[in-house]
Amino acid sequence: MAEHLISIEDAREDLLSCAVYLAENIGSTEARAAAIETIITYYLQHSDVDTSAEIADSVDDPFIRDRLLAEVVSKCAEIGDDEYAFQLVDAIDEQTTKNSARGKIAIQKAKKGQFAEAIELAGKLDHSSDVFAAIAIYQAVSGAALEAEKTLDRVDFFSAKVVALQEIALFQLQEKDTDSAVITLDRAFSIAGEIEFTEDKIRALLAIAGSYAEAGEKEKACNALDAARRVVESIEGAHKDNLFVNIAIGFLRAGNVDEADSTLDLVEDKSQIADCLIGFTQVFRLEEDEEEALESLEEAYAMLKSQTEREIRNSKVRLQLFGSIAREFAELGKVERAIEIAHENPDGQLRNSALTQIAQICTAESYPEMAKAAVSGIEPESQRIPALIALSDVLVKEKRVEEALEKLNEASDMAREIQQYIFRCELQNQIARRLFEVGDAEGARRILSEGLESANEIRGGAHRSVALAELSESYKQLEFDLSPEDKEIIGTLVRTSDW
């Protein structure tokens with residue numbers, strides 16, 4: 001057997017080290033690489049670049065190896081270890097990934113305000129537009145407007161330049177500098193028409209229109225949307241309807257109902273029409289126009305119901321829209337109708353998701369009986385546990401801590417009955433974090449140990465390694481030491497992994 005990266009002594013004393021040790025013994029190359037990808041993220045979160053690089057270099061798949069090394073390079077640049085960052089760049093074999101890694105260093109330099117170094121590095125790249133665009137954004141945010149202009153001049157690709165201008169405009173809007181934001185958006189709009197790739201052009205025009213609307217420039221927003229619509233009209237493909245939907249909703253947000261309706265008329269697929277009407281509902285609801293919101297929502301529901309089998313292009317999308325309609329009815333206070341529509345969904349996962357969202361809305365609005373009714377409709381019973389956890393999050397946000405604790409205790413009791421150990425471990429980890437958040441450190445510690453016991457029962461090295469890595473992060477964040485019982489479990493895992 002090959003020598004382990006992690007010593008057996010370290011693996012017996014530390015959960016994350018144990019996760020690596022177990023991952024090294026996974027027979028499948030693909031499963032091992034998948035486990036390693038997850039594990040490395042936790043090492044990088046704690047800036048352990050040496051171990052991260054060593055583990056990444058052990059991956060057999062050359063593409064994944066290089067990609068992981070590039071992530072380590074970015075972390076090295078973030079923490080200021082430039083020498084090691086460039087050393088790792090040299091270890092990357094694939095040229096495109098090597099170039100990307102160098103770009104990550106430049107962007108981290110810009111993020112820290114080291115603009116001269118960032119620009120020098122970007123100038124040496126084979127493809128530098130995206131990196132120069134990112135540098136320009138950081139310069140603008142830091143107040144170096146003139147320097148940002150010079151950097152933008154070095155961006156060759158129109159799409160990258162427009163994205164940078166859009167981000168700068170968003171920052172200016174956040175800073176309440178609306179006049180500057182509009183000037184920046186005007187520049188972005190003038191350049192967007194030069195973007196070569198059609199979808200990039202449409203995406204840019206939609207983003208610009210949204211920012212114009214946020215700035216209160218509704219006429220300019222409509223001009224950008226009209227430009228996007230003309231481009232969409234010139235293309236073919238199944239995605240055309242979805243683009244029209246986004247444009248129609250954009251027109252409504254900009255206050256132009258006539259253009260919104262006329263754009264909706266261009267949509268052919270009934271599911272996409274329903275999707276657009278749901279978007280209209282959301283706009284009307286936010287504007288507190290309940291009558292129009294309900295009218296649009298009823299029309300969306302009727303449109304979906306009217307579809308024949310031959311008209312359905314994508315069954316999954318159609319069923320997802322039923323869930324969205326149910327949620328919107330709940331948002332509008334029509335909870336019984338919402339629950340009824342959610343139960344019509346034949347897809348169990350989507351039905352449970354809709355019922356969970358309805359329960360969250362009812363909890364936020366202090367309708368406990370309706371929330372309970374929504375949760376009780378979730379099947380199988382084990383799937384109610386994520387819903388209870390979601391409700392606890394709502395209650396914490398509403399500062400109803402005692403009620404949140406009740407939901408979490410109920411969830412933890414139910415989790416012990418789950419037979420699928422991967423699912424059980426994942427839920428126990430989530431519950432433990434939230435118990436700690438609401439002040440029950442003792443309960444959190446107990447549930448984490450139960451999660452480790454569940455991980456011990458997982459069959460399949462990749463899933464077990466990932467579960468241990470995720471548990472290790474909770475132990476570290478909550479500052480819990482491994483108990484003697486915990487160490488006994490991971491000792492057994494280490495011992496048996498070599499068999």
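Our structure is the block above this text.
Conventions adopted
- Per chain, residues are indexed from 1 in the order of the written sequence.
- For this predicted model, a pLDDT threshold of at least 70 governs which residues receive local features, and a threshold of 80 or more governs which side-chain atom pairs are given and counted, while totals over whole chains, interfaces and linings are taken from all residues.
- Hydrogens are left out, water is left out, and the side-chain values use all remaining heavy atoms of the structure.
- Segments assigned H or I by DSSP are reported as helices when at least four residues long, segments assigned E as strands when at least two residues long, and all are numbered from the N terminus.
- For every residue, the accessible area (1.4 Å probe, protein chains only) is compared with the maximum for its type, and the residue is labelled buried under 20%, exposed over 50%, or partly exposed between those bounds.
- Whether two residues are in contact is decided by their heavy atoms, any of which lying within 4.5 Å being enough.
- Note on areas: these come from Shrake-Rupley sampling with a 1.4 Å probe, and a residue is covered only by the protein chains present in the view.
- When charges are tallied, Lys and Arg are placed among the positive residues and Asp and Glu among the negative ones, while His and the ends of the chain are skipped.
- Where a charge lies is defined by one atom per residue type: Lys uses NZ, Arg uses CZ, Asp uses CG and Glu uses CD.
- Residues enter patches when they are more than 30% accessible in relative terms and free of salt bridges; like-charged ones are connected within 9 Å and nonpolar ones (Val, Leu, Ile, Met, Phe, Trp, Tyr) within 5 Å.
- Salt bridges are defined as contacts in which a side-chain nitrogen from Lys or Arg sits within 4 Å of a carboxyl oxygen from Asp or Glu.
- Cavity means a closed set of points on a 1 Å grid over the protein atoms alone, one where a 1.4 Å probe fits but cannot get out, pocket means an open set with protein on both sides within 12 Å along at least 5 of 7 lines, and lining means a residue has an atom within 4 Å of a point.
- Grid points are joined across faces, edges and corners, and a volume is the space filled by probe spheres set on the points.
- All amino acids are sorted into three groups, where Ala, Val, Leu, Ile, Met, Phe, Trp, Tyr, Cys and Pro are nonpolar, Asp, Glu, Lys and Arg are charged, and the leftover types, Gly among them, are polar.
- Here a helix's expected span is defined as the number of its residues, less one, multiplied by 1.5 Å.
- In this analysis, axes come from line fits to C-alpha atoms, helices being fitted only over the stretch in contact, and the angle between any two N-to-C directions falls in the range 0 to 180 degrees.
- Orientation categories follow fixed angle ranges, with anything under 35 degrees roughly parallel, anything over 145 roughly antiparallel, 65 to 115 roughly perpendicular, and all other angles oblique.

(A) View of the overall build of the chain. Each helix and strand counted, the chain has 28 helices and zero strands in total. In terms of overall dimensions, the chain has C-alpha extents of about 70 × 60 × 45 Å along its principal axes. Burial statistics for the chain: of 499 residues in total, 51% are counted as buried. Considering only contacts within the chain whose residues lie at least 6 apart along the sequence, 58% involve residues at least 24 apart. Accessible surface, the chain as shown: approximately 24200 Å² in total, 46% of it carbon and sulfur. Both charge centroids of the chain, one from 53 positive and one from 98 negative side chains, sit 1 Å from each other.

(B) Geometry of a negative patch on the surface. On the surface, Asp258, Asp261, Asp265, Glu291, Glu292, Glu295 and Glu299 cluster together into a patch of negative charge. When contributions to the negative patch are tallied by element, the ones reaching two or more residues are helix 16 (257-264) and helix 18 (290-305). Looking at the negative patch, the element that brings in the most residues is helix 18, giving four residues. Following the sequence through the fold, glutamate 292 ends up in helix 18. The exposure class assigned to glutamate 292 is partly exposed, which follows from its relative accessible area of 31%.

(C) Highlighting the pattern of salt bridges. Counted under the stated rule, the structure contains 32 salt bridges. In this structure, the salt-bridge partner of glutamate 13 is lysine 487, at a minimum N-O distance of 3.0 Å. Placement of the pair is glutamate 13 in helix 1 (residues 8-13) and lysine 487 in helix 28 (residues 484-497), with a sequence separation of 474 residues. Assessed through its relative accessible area of 32%, lysine 487 is described here as partly exposed. Of the charged contacts in the structure, one is a salt bridge between aspartate 66 and arginine 65, with a shortest N-O distance of 2.6 Å. With respect to burial, aspartate 66 and arginine 65 carry one shared label: buried.

(D) Spatial organisation of the layout of surface pockets. In this model, the largest pocket occupies a volume close to 360 Å³. For the lining of the largest pocket, the secondary structure elements donating two or more residues are helix 21 (348-364), helix 22 (368-376), helix 23 (384-397) and helix 24 (401-415). For the lining of the largest pocket, the element with the highest residue contribution is helix 22, accounting for six residues. Across the lining of the largest pocket, the residue classes break down as nine nonpolar, two polar and eight charged.

(E) A look at helix 13 (residues 198-214). In this model helix 13 runs 25 Å from its N-terminal to its C-terminal C-alpha over 17 residues, within 8% of the 24 Å that 1.5 Å per residue would give. Considered for burial, the residues of helix 13 that qualify are Lys201, Ile202, Ala204, Leu205, Leu206, Ile208, Ala209, Ser211 and Tyr212. Those residues of helix 13 hidden inside the fold are in contact with helix 11 (158-174), helix 12 (178-192), helix 14 (218-233) and helix 15 (240-253). Positive backbone phi, approximately 85°, marks glycine 216, located one or two places after helix 13.

(F) Representation of the side chain of arginine 32 within the structure. Tracing the sequence through the fold places arginine 32 in helix 3 (residues 29-45). With no salt bridge to any partner, buried arginine 32 finds its closest opposite charge in aspartate 60, at an N-O distance of 4.3 Å. Apart from residues no more than four positions distant in its own chain, arginine 32 is found in contact with Ala23, Glu24, Ile26, Ser58, Val59 and Asp60.

(G) Highlighting the packing of helix 3 against helix 5 (residues 62-79). Packing of helix 3 against helix 5 brings their axes to within 11 Å, and their N-to-C directions diverge by 5°. Comparing their axes, helix 5 and helix 3 come out roughly parallel. Two secondary-structure elements touch here, helix 3 through Ala33, Ile36, Glu37, Ile40 and Leu44 and helix 5 through Ile64, Arg67, Leu68, Glu71, Val72 and Lys75. In the contact of helix 3 with helix 5, the residues fall into seven nonpolar, no polar and four charged.

(H) Main features of helix 9 (residues 129-142). The end-to-end C-alpha distance of helix 9, which contains 14 residues, comes to 20 Å, matching closely the 20 Å that a straight helix rising 1.5 Å per residue would cover. Of all the 14 residues making up helix 9, ten are buried; the element is thus mostly covered by neighbouring parts of the structure. All of the buried residues in helix 9 are Ser129, Val131, Phe132, Ala133, Ala134, Ile135, Ala136, Ile137, Gln139 and Ala140. On the buried face of helix 9, the contacting elements are helix 7 (95-111), helix 8 (115-123), helix 10 (145-152) and helix 11. Backbone geometry just downstream of helix 9 places glycine 143 in the positive-phi region, at approximately 100°.

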